[in-house]
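# Survey of secondary and tertiary structure
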Amino acid sequence: MPILALSLIGLGVAAVVALWLKDTPPFMGNEGDLLTGLGDILGLLSGYGFVVLVALMARLPPLERGIGSDRLARWHSMGGRYVITLVTGHVVFIVWGYAASANASVIGETKTLLLTVPDVLMATVAWVLLLGVAAFSARAARRRLSYETWYYAHLYTYLAIALAFSHQFAVGPSFVSSLDARVVWSAMYALVGGAIVWYRFLTPLRLAARHRFTVVGVEPEAPGIVSVFITGRNLHRLGAEPGQFFRWRFLTRQLAWQSHPYSLSAMPHRDMMRITVKARGDHSDSMAGLRLGTRIIAEGPYGAFTPSPSGRRVLLIAGGVGITPIRAMFAALPRRAPGALTLIYRASHPRDIVFRRELDAIAEDRHASLHYMIGSRERLGYDPLDARELKALVPGLHRYEAYVCGPPGMKETAITSLRDAGIPRRRIHHESFES
């Protein structure tokens, strides 16, 4: 699925270049024409990039299940940087090209374009909005912002896309003279917009009406970590797999305005399922205070972090609240020969361990090996997730299928160690938890 998706995106890029070449002279006469032509192709690629970025986050089931939300988010983040660069290049080359053709200064031509060319002012506002979103999404800024602030800032992207859309048709040489190009371009935007409406709004409402999700219990599991028990009708028909998550919208005055992704910490039964949440921001902090009877709108299941039916021995590595999807996998995997299923749970302090009694019971029932690695590296004097330590703990490690979930630093350390221990990358599955 990742290869197929990237191939389709690449074909779209080729189609955009072909559209540009159709209305671009094969030999540009002067410097102004060359610069303007470069600005035009960058603008077309930017418009196409907007569609791709929105489609990646439209929560399309084939993408969510075939590629995984974690990878889609990385693609979206990387693609966002490319699109911002393309838009900025479009602005620079168009202004520069017009100025060269008119023998005018860049500043003077900028004023002329803003005041006389249709929709340029709106497009400029769109560009400024995108630069603001990029600034909020930069890694250094993202660490300092709550999820809620970042979320609100990101919504301005939709306004920027709407402002830029009419600008493309008003002055874009590939659209001004071609009705077919305008129809196809509009259909592409409409298709992705329709997917957003269907999968992010209508489908969750339909699921809520069918299953009637309701909070029936909230229990503390560890400092800052709570489990929320959710009842409903025919929950087993949701088709959730171990390791997957839903996006939850709790219908209270403070929480109803946005949904958040939380993994299932236990597989759904007919009328009950459970999520486990660590307090990391305004929304997750509120989970401990949820009232019984609170209604919920849920989207999902999402995610490709699910067990592969390879028949190989399985190693599960969890860190912090990353135990949430791993615990669901641990309980759902079939019984195997002793030593064929191993769980390593990494925590800095004993109080950070979640589900200890449950994990012990599952390990006994599944004839599985369970190892708690507790303590900081400074206190232990070594890294418990070092390749040498893992190989000593799990004999024949190179023959295992591995699943890793936890904070980014712990996840990267574990993946590197597993690779050093001889496990190929294709047999290392992972998902990040940001705390």
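Use the structure listed above.
Overview of the structure. (Residues numbered from 1 in each chain as written. Predicted model: local features only at pLDDT ≥ 70, side-chain atom pairs only at ≥ 80, totals over all residues. Heavy atoms only, no water.)

The next subject is the overall build of the protein chain. Within the protein chain, the secondary structure is distributed over 16 helices and eleven strands. On the principal axes, the C-alpha backbone points of the protein chain span a range of 80 × 50 × 40 Å. For the protein chain, the residues scored as buried account for 46% of the 435 residues in total. Residue pairs in contact within the protein chain that sit at least 24 positions apart in sequence constitute 72% of those at least 6 positions apart. Computed over 47 positive and 31 negative side-chain charges, the inter-centroid distance for the protein chain is 6 Å. (Helix = DSSP H or I, 4+ residues; strand = E, 2+ residues; numbered from the N terminus. Buried < 20%, exposed > 50% of the residue type's maximum accessible area, 1.4 Å probe, protein only. Contact = heavy atoms within 4.5 Å. Lys, Arg positive; Asp, Glu negative; His and termini not counted. Charge placed at Lys NZ, Arg CZ, Asp CG, Glu CD.)

Let's shift gears to the pairing of strand β6 (residues 296-302). With seven of seven residues buried, β6 is to be regarded as a mostly interior element. As defined by bridge partners, strand β3 (residues 245-250) adjoins β6 across five bridges and the pair is classed as antiparallel. Paired with R249 across the strands is I297, a residue of β6. (Pairing = 2+ DSSP bridges.)

On to a positive patch on the surface, then. Judged by side-chain charge, R81, R139, R143 and R144 come together as a positively charged surface patch. Per-element accounting of the positive patch gives the leading share, three residues, to helix α7 (residues 139-144). (Patch = residues over 30% accessible without salt bridge, like charges linked within 9 Å, V, L, I, M, F, W, Y side chains within 5 Å. Areas by Shrake-Rupley, 256 points an atom, 1.4 Å probe, with all protein chains shown as cover. Salt bridge = Lys/Arg side-chain N within 4 Å of Asp/Glu carboxyl O.)

Here we come to the pattern of salt bridges. Scanning all chains against the criterion turns up seven salt bridges. Between E358 and R274 there is a salt bridge, with its nearest N and O atoms 2.8 Å apart. In this pair, E358 sits in helix α13 (residues 356-366) while R274 sits in strand β5 (residues 272-278), placing the two residues 84 residues apart along the sequence. We classify E358 as partly exposed; its relative accessible area is 26%. Between R377 and D383 there is a salt bridge whose closest N-O contact spans 3.8 Å. Given a relative accessible area of 46%, R377 falls into the partly exposed group. Residues joined in a network through salt bridges with shared partners are R274, R327 and E358.

Right, let's talk about the nonpolar core for a bit. In terms of nonpolar packing, the biggest core is built from 35 residues, with V16, L44, F50 and W185 touching the most fellow members. At eleven residues, the largest contribution of residues to this core is made by helix α2 (residues 31-56). In this structure L44 touches V16, L19, W20, S174, F175 and W185, once residues within four positions along its chain are discounted. Counting 25 residues, the second largest nonpolar core, distinct from the first, contains M329, V354, A363 and C405. (Core = buried A, V, L, I, M, F, W, Y, C linked by side-chain atoms within 4.5 Å.)

A separate point is the pairing of strand β7 (residues 313-319). Judged by how many residues are buried, β7 sits mostly within the fold: six of seven residues are covered. Of the pairings in the sheet, the one linking β7 to strand β10 (residues 400-406) comprises six bridges and is parallel in character. Bridged to V314 within β10 is E401. The pairing of β7 with strand β8 (residues 341-347) spans six bridges and is parallel. Paired with G319 across the two strands is R346, which belongs to β8. Crossover handedness for the path β7 to helix α12 (residues 323-332) to β8: right-handed. (Right-handed = clockwise from strand over helix to strand, strands pointing away.)

Running from N to C, α2 and helix α10 (residues 179-211) point in directions that differ by 20 degrees, and their axes come no closer than 9 Å. Considering their axes alone, α2 and α10 lie roughly parallel with respect to each other. For α2 against α10, the interelement crossing comes out left-handed. Contacts between α2 and α10 involve L44, G47, Y48, F50, V51, V54 and A55 from the former and W185, M188, Y189, V192 and I196 from the latter. In terms of residue class, the contact of α2 with α10 is made up of eleven nonpolar, one polar and no charged. (Axes fitted to C-alpha atoms, helices over the stretch in contact; angles between N-to-C directions. Parallel < 35°, antiparallel > 145°, perpendicular 65-115°, else oblique. Left-handed = near helix turned anticlockwise from the far one by under 90°. Nonpolar A, V, L, I, M, F, W, Y, C, P; charged D, E, K, R; others polar.)

So, on to the sheet that holds β6. One open sheet holds the six strands; their spatial order is β1-β2-β5-β4-β3-β6, and the pairing between them is antiparallel. Two strands lie at the open edges of the sheet, namely β1 (214-222) and β6, each paired on one side alone. Taken pair by pair, the neighbouring strands of this sheet meet at an average axis angle of 35 degrees, ignoring direction. Where strand β4 (residues 260-266) and β5 come together, two bridges link them in antiparallel fashion. Paired with A266 across the bridge in β5 is R274.

All right, on to the packing of α12 against α13 then. Contact pair α12 / α13: the axes reach a minimum separation of 9 Å and the direction vectors enclose 30 degrees. It follows from the interaxial angle that α12 and α13 lie roughly parallel. Crossing hand, α12 versus α13: left-handed. In contact with I323, R327, F330, A331 and A332 of α12, α13 contributes E358, L359, I362, A363 and R366. In the contact of α12 with α13, the residues fall into seven nonpolar, no polar and three charged.

Taken by themselves, the reported measurements are silent on function.
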